[in-house]
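What the coordinates show
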Amino acid sequence: MKSIIRSVLQTILWSVIAGVFYPVIITIIAQVAFKNQANGSLVYRDGKLIGSALIAQQFTGSNYFWPRPSACSYGTGPTGITASSGSNLGPTSGALQTNVINNAAAFISGNNLPTNTVVPADMVFASGSGLDPHISPESARLQIARVAAARRLSKDTVSALVEKFVETPQWGFLGEPRVNVLLLNIALDETTATKPAKT
């Protein structure tokens, strides 16, 4: 009987500690020390919520930098619910090969690049989540001429903006250099003082 009572008391004790106190303490610490990240790294413009720095958005206009392909339409379904998904296509998949060829051709054509241009992998393969907000610096640099022409800006101006938004590996060794497409496009709008186009 005593063992049963101890077991019940231990269950209640640890349920309260792990289910109430611990989450509350961690939430308080997160809200104080990492408020922006804890709330989803939300991005506002003119007081209006326009997205999250952690989730990709589709940009198709010639005056914007394009994100990497998404197998889940960037999480925008008919219900408006964000869904994360990869293509689940293996390396021997004919569909995957077709997607890669089409994505490379579209990138080269859309940016008026030489047909023998080596397109970075992140612009031909969808990410595992389908929501990766970053592209490689090289992918951004290959889009500079197109964006500069569409914005009637000098290539040097757009290039400087891209370099400003290159993020280094975390702590110097985790991950690869990258560029957040949403943040770069917002800065691009602010630079040219234009209203955001439909994405």
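From a predicted model like this one, the values you see are computed outputs, not experimental measurements. (Residues numbered from 1 in each chain as written. Predicted model: local features only at pLDDT ≥ 70, side-chain atom pairs only at ≥ 80, totals over all residues. Heavy atoms only, no water.)

**What about the packing of helix α5 (residues 144-151) against helix α6 (residues 155-164)?**
Filter applied, for reference: Note on geometry: axes are C-alpha line fits, over the in-contact stretch for helices, and angles between N-to-C directions span 0 to 180 degrees. Helix and strand assignments come from DSSP, with helices taken as H or I runs of at least 4 residues and strands as E runs of at least 2, each series counted from the N terminus. Throughout this description, any angle smaller than 35 degrees is read as roughly parallel, any larger than 145 degrees as roughly antiparallel, any in the 65 to 115 degree range as roughly perpendicular, and the remainder as oblique. We call a crossing left-handed when the near helix sits turned anticlockwise from the far one by less than a right angle, and right-handed when that turn is clockwise. Any two residues whose heavy atoms approach within 4.5 Å at even a single point are treated as in contact. Three classes are used: nonpolar for Ala, Val, Leu, Ile, Met, Phe, Trp, Tyr, Cys and Pro, charged for Asp, Glu, Lys and Arg, and polar for all others, with Gly counted as polar.
Taken N-terminus to C-terminus, the directions of α5 and α6 make an angle of 125°; their axes are 9 Å apart at the nearest point. Judged by the inter-axis angle, α5 sits oblique to α6. Of the two elements, α5 crosses α6, and the hand of that crossing is right-handed. Of α6, the residues touching α5 (which contributes I144, A145, V147 and A148) are K155, V158, S159 and V162. Split by residue class, the contact of α5 with α6 holds six nonpolar, one polar and one charged.

**A few points about the nonpolar core**
Under the convention used in this document: To define a nonpolar core, start from buried Ala, Val, Leu, Ile, Met, Phe, Trp, Tyr and Cys residues and group those joined through side-chain atoms within 4.5 Å. Here's how the labels work: a residue is buried when its accessible area is under 20% of the maximum for its type, exposed when over 50%, partly exposed in between, all with a 1.4 Å probe on protein chains only.
F65, V119 and L184 are the most contacted members of the largest nonpolar core, which has 29 residues in total. Within the residue set of this core, elements represented by two or more residues are α3 (94-110), α5, α6 and α7 (181-192). No other element matches the six residues that α7 contributes to this core. Not counting the four nearest positions on each side in its chain, F65 is found in contact with F59, A140, Q143, I144, R146, V147, V158, V162, V181, L184, N185 and L188.

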